[in-house]
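Structural overview
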Amino acid sequence: MDIGFIGLGNMGQPMARRLIEAGHKLIVYDTRNDAVAPLVALGAKLASSPQDVADRVETVMASLPSLQISEKVATGEGGVIHGKRIKRFIDLSTTGSRVAAKIAAALAKNNIVQIDSPVSGGVGGANKGTLAVMVSGPKADIDVVKDALAVFGKVFVIGDKPGMAQTMKLANNFLSATAMAATAEAVALGVKAGLDAAVMIDVINAGSGRSTASDGKFPQAILPRTFNYGFATALMLKDVRLCVAEARALDVPNHVMSAVLDQWELTNTEFGGDSDFTAIVKMIERRAGVVVGKKP
């Protein structure tokens, strides 16, 4: 099918590429020329703005880094809301349920359907097509795009109301953020007591403490001290902030969420939003006075 794709960053780039490789025809847009060039080389057509994308296709996907950019692309000046052909807008970004509902209401005034479709699984999952793809929106429109979304990974239909998939994504990423923070503290504890970090991770992965942090992030990016897993601290912080805000709005206990949020705020302050999110281990190391993994 003909698909528009806006936002060709760390996640958007491989997802767009997989669509082309699956035989879909893409109209692409990004503010960076270096981001669009590889896809144009694969046969994608270049658009001059989000509105231009929406002028040329009925289905537009977007993978964007912030709430403000998502709103601007969807409903701002030159946004997809002003497109002549667009019928449905699929937001692959993480915006939280309230922003998703706000965008959906605005688009509905122009007879454009919003489909929330945040994804989980990182850059590796985007490259391999093994993402968890969470979807909420009208069933008829989901049915139209479900096969295209399946190119990214396994599709989970969460519900028919705007924002439901966003809530699912926030719950998932809160658990991921918690596993990173908790595993960092646990391993730092062991190292300070004289244990070997690599042996600790092997034991944890063979036992009940196993998580995506111990199974993937520690062996791949932390123990070798490359800190290059491919997800920015600012993005993880954004997701945890959104989760805490949603929990408070729903009057749900959030003591653990709030404690985890504090750790990500510290990491962001000390290492910057552009740092890889595995930098949370460095933040814990500073306070523990240890080095986890190979010494620099």
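About the criteria used
- Residues numbered from 1 in each chain as written.
- Predicted model: local features only at pLDDT ≥ 70, side-chain atom pairs only at ≥ 80, totals over all residues.
- Heavy atoms only, no water.
- Helix = DSSP H or I, 4+ residues; strand = E, 2+ residues; numbered from the N terminus.
- Rg over C-alpha atoms; globule rule 2.2 N^0.38 Å.
- Buried < 20%, exposed > 50% of the residue type's maximum accessible area, 1.4 Å probe, protein only.
- Contact = heavy atoms within 4.5 Å.
- Areas by Shrake-Rupley, 256 points an atom, 1.4 Å probe, with all protein chains shown as cover.
- Lys, Arg positive; Asp, Glu negative; His and termini not counted.
- Charge placed at Lys NZ, Arg CZ, Asp CG, Glu CD.
- Axes fitted to C-alpha atoms, helices over the stretch in contact; angles between N-to-C directions.
- Parallel < 35°, antiparallel > 145°, perpendicular 65-115°, else oblique.
- Left-handed = near helix turned anticlockwise from the far one by under 90°.
- Nonpolar A, V, L, I, M, F, W, Y, C, P; charged D, E, K, R; others polar.
- Phe/Tyr/Trp six-rings, centres within 6.5 Å; stacked < 30°, edge-to-face > 60°.
- Lys NZ or Arg CZ within 6 Å of the ring centre and 35° of its normal.
- Polar contact = N/O pair within 3.5 Å; in protein donor to acceptor, adjacent residues only side chain to side chain.
- Pairing = 2+ DSSP bridges.
- Right-handed = clockwise from strand over helix to strand, strands pointing away.

Remarks on the overall build of the protein
Scanning the protein for helices and strands turns up 13 helices and nine strands. Since a compact globule built from 296 residues should have a radius of gyration of about 19 Å, the 20 Å found for the protein is in line with a globular shape. The principal-axis extents of the C-alpha atoms in the protein amount to approximately 65 × 45 × 30 Å. Counting all 296 residues of the protein, 53% fall into the buried class. Sequence separation of 24 or more characterises 64% of the internal contacts of the protein that already satisfy a separation of 6 or more. Split by element, the accessible area of the protein, about 13400 Å² in all, is 55% carbon and sulfur. Side-chain charges of the protein comprise 32 positive and 28 negative groups, with the mean position of each set lying 2 Å from the other.

Describing the packing of helix H9 (residues 197-206) against helix H10 (residues 212-222)
Helix packing geometry: the angle between the two helix axes and the distance between the axes. Running from N to C, H9 and H10 cross one another at 160°; their axes reach a closest spacing of 10 Å. Taken together, the axes of H9 and H10 are roughly antiparallel relative to one another. Once H9 is placed against H10, the crossing between them reads as left-handed. Residues Ile201, Ile204 and Asn205 of H9 touch H10, and the partners they reach there are Ser214, Asp215, Phe218 and Pro219. Broken down by class, the residue content of the contact of H9 with H10 amounts to four nonpolar, two polar and one charged.

Topic: helix H13 (residues 280-288)
Listing the buried residues of H13 in full gives Ile280, Val281, Met283, Ile284, Glu285 and Ala288. Buried residues belonging to H13 abut helix H8 (164-192), H10 and helix H12 (255-271). Positive backbone phi, approximately 75°, marks Gly289, located one or two places after H13.

Looking at the packing of aromatic side chains
One pass over the structure, following the stated rule, counts three aromatic pairs. An angle of 15° between the planes, with centres 6.1 Å apart, marks the rings of Trp264 and Phe277 as stacked. With Trp264 in helix H12 and Phe277 in the loop between H12 and H13, this pair connects stretches of sequence that are 13 residues apart. Note on accessibility: Trp264 and Phe277 belong to one class, buried. A connected cluster of aromatic rings, assembled from ring pairs, spans Tyr229, Phe231, Trp264 and Phe277. The ring of Phe227 has Lys282 lying over it, and the distance from NZ or CZ to the ring centre is 4.4 Å.

Side note on unusual backbone geometry
With a phi close to 60°, Arg225 is a non-glycine residue in the positive phi region. Within the fold, Arg225 resides in the loop between H10 and helix H11 (233-249). Backbone geometry places Asp251, a non-glycine residue, at a positive phi of 55°. Positionally, Asp251 belongs in the loop between H11 and H12. The class for Asp251 is exposed, based on a relative accessible area of 71%.

Observations regarding the side chain of Ser117
Relative to the helices and strands, Ser117 is located in the loop between strand S6 (113-116) and strand S7 (119-120). Taking the relative accessible area as the measure of exposure, Ser117 reaches 0% and is therefore buried. Side-chain polar atoms of Ser117 contact the backbone oxygen of Met134, separated by 3.4 Å. Excluding its chain neighbours within four sequence positions, the residues that come into contact with Ser117 are Ile90, Asp91, Leu92, Val133, Met134, Val135 and Leu149.

Let's talk about the side chain of Lys217
Relative to the helices and strands, Lys217 resides in helix H10. Only 3.3 Å separates the side chain of Lys217 from the side chain of Thr212, close enough to count as a polar contact.

Considering the pairing of strand S4 (residues 59-62)
Remember that side chains alternate between the two faces of the sheet whenever the strand is regular. By the alternation rule, side chains of S4 split into Thr59 and Met61 and Val60 and Ala62, which are all buried. Bridging between strand S1 (residues 2-6) and S4 involves four bridges; their strand directions are parallel. Bridge assignment links Gly4 to a residue of S4, and that residue is Val60. The pairing of S4 with strand S5 (residues 88-91) spans four bridges and is parallel. Bridge assignment links Val60 to a residue of S5, and that residue is Phe89. At this point the chain moves from S4, through helix H4 (residues 67-75), to the parallel S5, and the crossover so formed is right-handed.

A few points about the pairing of S1
For S1, a buried count of four out of five residues is recorded, marking the element as mostly surrounded by other parts of the structure. In the sheet, S1 pairs with strand S2 (residues 25-29) via five bridges, with the strands oriented parallel. Looking at S2, one finds that Ile6 is bridged to Tyr29. For the crossover from S1 across helix H1 (residues 12-21) to S2, the handedness is right-handed.

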